[in-house]
Amino acid sequence: MEKIALFPGSFDPITKGHEEIIKKGLGLFDKVVIGVGVNAGKKTLFSVEDRLRIISEIFKDEPRIVIMQYQSLTVDFCKKIHAGFILRGLRSGLDFEYEQSIAFANKELDEHIETVFLLSSPSYSNISSTIVRDIIVNNGDYSKFVPKGFKI
Ligand code: ADP
C-alpha cells in the first residue's frame, strides 16, 4: 500500500525549515501531502490562495508532493486522502512539548494514524514563519529563509 504522509500547517509563509522537513519526508513516504490549514479564527499575512500558489510554484517539479487546503480536523483530512501518517517538524524542546500534546489528541481521535516527528538541522532550527513575516512586512531581504522558487 502507498505510504502517504500529511504535512499540516499554516505555512504563513512556507520557510526553508518546512522545506527541509518535506524533503526528508520524501525519503520516508511515497507521497507527501502539504495540507494548508484554513482557520477562520487565525489572522494570517498571506491569504490561503497565496500560500497555496507560493508552495505549488516551489514544488512544481516534484510529482510526489501534493498541495491541498483543508478546514476539518487533521485526522479527518488524513482519512479523506488516505494518509496513515502526520508529519511534523521539531526545532526545539519547546516545539516538542506543543507537538506532543497535539499528537496525543490526534491519537485519541484516530488510533490508526501515526504522527512522525523529524528534527530540523541546527542551521534551520531558528527559522520560523513569524520571523519571515516580520522581515517581509519591514521590507527586508527574506530570501535566505525561504525555499528557492518562492515568489510573493
Ligand atoms: P502550525 O500553525 O500548525 O504550527 P506551521 O506552518 O507553523 O504550522 O508549522 C508546520 C510544521 O512545521 C510544524 O510541525 C512546525 O513545528 C514545523 N516547522 C516550522 N518551522 C520549522 C523549522 N524551521 N524547522 C523544522 N520544522 C519547522
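Before reading on, note that the structure itself is shown above.
The following refers to the structure shown. In every chain, residue numbers begin from 1 and rise along the written sequence. Predicted model: local features are reported for residues with pLDDT of at least 70 only, side-chain atom pairs are reported and counted for 80 or more only, and whole-chain, interface and lining totals are derived from all residues. Each side-chain value is derived from all of the structure's non-hydrogen atoms; neither hydrogens nor water enter the calculation.

### A few points about the layout of surface pockets
Point 1. Every definition here rests on a 1 Å grid over the protein atoms only: cavities are sets of points where a 1.4 Å probe fits but cannot get out, pockets are open sets enclosed by protein on both sides within 12 Å along at least five of seven lines, and lining residues have some atom within 4 Å of a point. Grid points are joined across faces, edges and corners, and a volume is the space filled by probe spheres set on the points. Taken as a whole, the largest pocket encloses approximately 1200 Å³ of empty space.
Point 2. In terms of lining, the largest pocket is formed by 42 residues, of which the most central are Pro8, Gly9, Ser10, Lys42 and Arg88.
Point 3. Counting from the N terminus, the helices are DSSP H or I runs at least four residues long and the strands are E runs at least two residues long. Put simply, the parts of the chain that give the lining of the largest pocket at least two residues each are β1 (4–9), α1 (16–28), β4 (85–90), α4 (93–109) and α5 (129–137).
Point 4. Three categories are distinguished: nonpolar for Ala, Val, Leu, Ile, Met, Phe, Trp, Tyr, Cys and Pro, charged for Asp, Glu, Lys and Arg, and polar for the others, with Gly belonging to the last. Of the residues that constitute the lining of the largest pocket, the class distribution is 15 nonpolar, 18 polar and nine charged.

### Looking at α5
Point 1. We call a residue buried when its accessible area falls under 20% of the maximum for its residue type, exposed when it is over 50%, and partly exposed in between, using a 1.4 Å probe and counting protein chains only. Among the residues of α5, those classed as buried are Ser129, Val132, Ile135 and Ile136. All buried residues of α5 project into a common sector of 125° when viewed along the axis, lining one side.
Point 2. By the convention used here, residues are in contact when the closest approach between their heavy atoms is within 4.5 Å. In this structure, the buried side of α5 is in contact with α1.
Point 3. Just downstream of α5 lies Asn139, where phi reads positive at about 60°. Note: the arc covers the axis-to-C-beta directions of the helix.

### Considering the sheet that holds strand β3 (residues 65–70)
Adjacent strands of a sheet form backbone hydrogen bonds with each other and so pair up, either parallel or antiparallel.
Point 1. We treat two strands as partners when DSSP finds at least two bridges between them. On the basis of which strands lie adjacent, the open sheet formed by five strands has the order β3-β2-β1-β4-β5 and parallel pairing. Unpaired on one side and paired on the other, β3 and β5 (114–119) mark the two borders of the sheet. Recorded for the sheet is a direction-independent mean angle of 30° between the axes of neighbouring strands.
Point 2. Looking at chain direction, β4 and β5 are connected through six bridges and run parallel. Residue pairing in the sheet places Phe85 in a bridge with Glu114 of β5. Each axis is a line fitted through C-alpha atoms, taken for helices only over the stretch in contact, and angles between the N-to-C directions span 0 to 180 degrees.

### Some remarks on the pairing of β4
Point 1. Taken together, the two bridges between β1 and β4 define a ladder with parallel strand orientation. The residue of β4 that forms the bridge with Ala5 is Phe85.
Point 2. Regarding topology, α4 serves as the crossover connection from β4 to the parallel β5, and that connection is right-handed. When the strands point away from the viewer and the path from the first strand over the helix to the second turns clockwise, the crossover is right-handed.

### A closer look at the site of the ligand
Point 1. In the vicinity of the ligand, 17 residues are found, and the nearest of them are Ser10, Phe11, Gly89, Tyr124 and Ile127.
Point 2. Any N or O atom pair separated by 3.5 Å or less is treated as a polar contact, with the protein-specific requirement of one donor-capable and one acceptor-capable atom, and with residues adjacent in sequence counted only for side-chain atom pairs. A distance of 2.6 Å separates an oxygen atom of the ligand from a polar atom in the side chain of Ser10.
Point 3. Residue Glu99 places a side-chain N or O atom 3.5 Å away from an oxygen atom belonging to the ligand.
Point 4. The protein chains shown are the only cover counted for residues, whose accessible areas, like all others here, come from Shrake-Rupley with a 1.4 Å probe. Protein chains bury 88% of the 550 Å² of accessible surface belonging to the ligand in isolation.
Point 5. Structurally, the ligand is housed in the largest pocket.
Point 6. The set of elements that each furnish at least two residues to the shell around the ligand consists of β1, α1, β4 and α4.
Point 7. Its residues assigned to classes, the shell around the ligand shows six nonpolar, six polar and five charged. Put simply, a residue is near a molecule or strand once any heavy atom of it comes within 4 Å of that molecule or strand. Just a note on the criterion: a molecule sits in a pocket or cavity if more than half of its atoms are within 2 Å of the grid points.

### A closer look at the pattern of salt bridges
Point 1. Salt bridges are identified by distance alone: a Lys or Arg side-chain nitrogen within 4 Å of an Asp or Glu carboxyl oxygen. Summed over all chains, the structure comprises eleven salt bridges.
Point 2. Between Lys151 and Glu57 there is a salt bridge, with its nearest N and O atoms 3.3 Å apart. With a gap of 94 residues between them, Lys151 in the segment after α5 and Glu57 in helix α2 (residues 48–58) connect regions that are remote in the sequence.
Point 3. Judged by its relative accessible area of 33%, Glu57 is partly exposed.
Point 4. In the salt-bridge network here, residues are joined through shared partners; they are Glu57, Lys60 and Lys151.

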